[in-house]
Amino acid sequence: MSTAATAPPRWLTPAQQEAWRAYLRGSRLLEAALDRDLQSHGVQLSEYEIISMLSEAPGRRLRMSGLADLVVQSRSRLTHTAARLEKRGWVRRESCLEDRRGVELVLTERGQQAVEDMAQVHIESVRRNIVDTMTPEQFATLGAAMAAMRDAILAGGLPSCSEV
């Protein structure tokens, strides 16, 4: 054990504390609202996010480890979610095209149709719950702030979600 004194915590100022708590509560409320709106299609936000990412990928396929990083899920959680999506006929697992060692998740035609069916509900929910609640400048600032946070966390050398 080190005998060096540890630095005292750098407490948040009252304004920082207020902003931090607003972020926590707002982000949780937003995710719950987006999830709730997708329930009309019988899916969770995390499921929609996966099939949406696949719909935008070349060949509608992504390596599972890379997809886990994109949607910020552990490999285990993504595997369980993929199994639910497979039961619906929306995705299938295949060996990676490049090296055959990894596994890719592939969006089926049925899955593509599901994304298209849900997209309008999801986009309207995003608009109603976040985009339309602020000015274009505020929304741009939010995007820039989240990108800065994302980049700083990723640059910190933390393991990817797929490595957890």
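Residues numbered from 1 in each chain as written. Predicted model: local features only at pLDDT ≥ 70, side-chain atom pairs only at ≥ 80, totals over all residues. Heavy atoms only, no water.

### Some thoughts on the overall build of the protein
- A count of helical and extended segments in the protein gives six helices and three strands.
- Its C-alpha radius of gyration of 19 Å places the protein more than 25% over the 15 Å reference for a compact globule of 164 residues.
- Projecting the C-alpha coordinates of the protein onto the three principal axes gives extents of approximately 55 × 45 × 25 Å.
- Residues classed as buried in the protein amount to 27% of the 164 residues present.
- Counted over contacts in the protein with a minimum sequence separation of 6, partners at least 24 positions apart contribute 55%.
- Carbon and sulfur atoms form 57% of the exposed surface of the protein, whose accessible area is close to 11,200 Å².
- The positive charge centre, built from 21 side chains, and the negative charge centre, built from 21, are 6 Å apart in the protein. (Helix = DSSP H or I, 4+ residues; strand = E, 2+ residues; numbered from the N terminus. Rg over C-alpha atoms; globule rule 2.2 N^0.38 Å. Buried < 20%, exposed > 50% of the residue type's maximum accessible area, 1.4 Å probe, protein only. Contact = heavy atoms within 4.5 Å. Areas by Shrake-Rupley, 256 points an atom, 1.4 Å probe, with all protein chains shown as cover. Lys, Arg positive; Asp, Glu negative; His and termini not counted. Charge placed at Lys NZ, Arg CZ, Asp CG, Glu CD.)

### Focus on the packing of aromatic side chains
- All chains considered together, the criterion is met by one aromatic pair.
- Residues Trp20 and Tyr23 carry aromatic rings whose centres are separated by 5.7 Å and whose planes lie at 20° to one another, so their mutual orientation is stacked. You can see Trp20 and its partner Tyr23 sitting in helix α1 (residues 14-38), three residues apart, about one turn around the helix.
- Given the relative accessible area of 34%, Tyr23 is considered partly exposed. (Phe/Tyr/Trp six-rings, centres within 6.5 Å; stacked < 30°, edge-to-face > 60°.)

### With respect to the UniProt feature "domain: HTH marR-type" (unreviewed entry) in the protein
- As annotated by UniProt and renumbered to match this structure, "domain: HTH marR-type" (unreviewed entry) occupies residues 16-151.
- Strand forms 10% of residues 16-151 and helix 68%; the C-alpha atoms that close the span are 21 Å apart. (UniProt positions renumbered as here; feature names shortened; annotations may be inferred.)

### Here we look at a nonpolar patch on the surface
- Judged by side-chain polarity, Leu12, Trp20, Tyr23, Met146, Met149 and Ile153 come together as a nonpolar surface patch covering roughly 540 Å² of accessible area.
- Of all elements in the fold, only α1 and α6 (136-155) reach the threshold of two or more residues within the nonpolar patch.
- When residues of the nonpolar patch are assigned to their parent elements, the largest contribution, three residues, is made by α6.
- Its location among the elements puts Leu12 in the segment before α1. (Patch = residues over 30% accessible without salt bridge, like charges linked within 9 Å, V, L, I, M, F, W, Y side chains within 5 Å. Salt bridge = Lys/Arg side-chain N within 4 Å of Asp/Glu carboxyl O.)

### Concerning the pairing of strand β3 (residues 103-107)
- Taken across its five residues, β3 has four buried, putting it largely inside the fold.
- Note: strand β1 (residues 61-63) against β3, three bridges, orientation antiparallel. Its bridge partner being in β3, Arg61 is matched across the sheet by Val106.
- Direction of pairing for strand β2 (residues 91-95) relative to β3: antiparallel, over a ladder of five bridges. Across the sheet, the residue bridging to Arg93 is Leu105, located in β3. (Pairing = 2+ DSSP bridges.)

### With respect to the sheet that holds β3
- What the three strands build is an open sheet, ordered β1-β3-β2; its pairing is antiparallel. The open sheet has two edge strands, β1 and β2, and neither has a second partner. Taking the axes of each pair of neighbouring strands and ignoring which way they run, one obtains an average angle of 30° across the sheet.
- The sheet strands contacting helix α4 (residues 75-87) are β2 and β3, and the helix crosses β2 at an angle near 120°. (Axes fitted to C-alpha atoms, helices over the stretch in contact; angles between N-to-C directions.)

### Description of the environment of Leu34
- Position of Leu34 among the secondary structure elements: in helix α1.
- Excluding residues that lie within four positions of it along the chain, Leu34 makes contacts with Leu45, Ser125, Val126 and Asn129.

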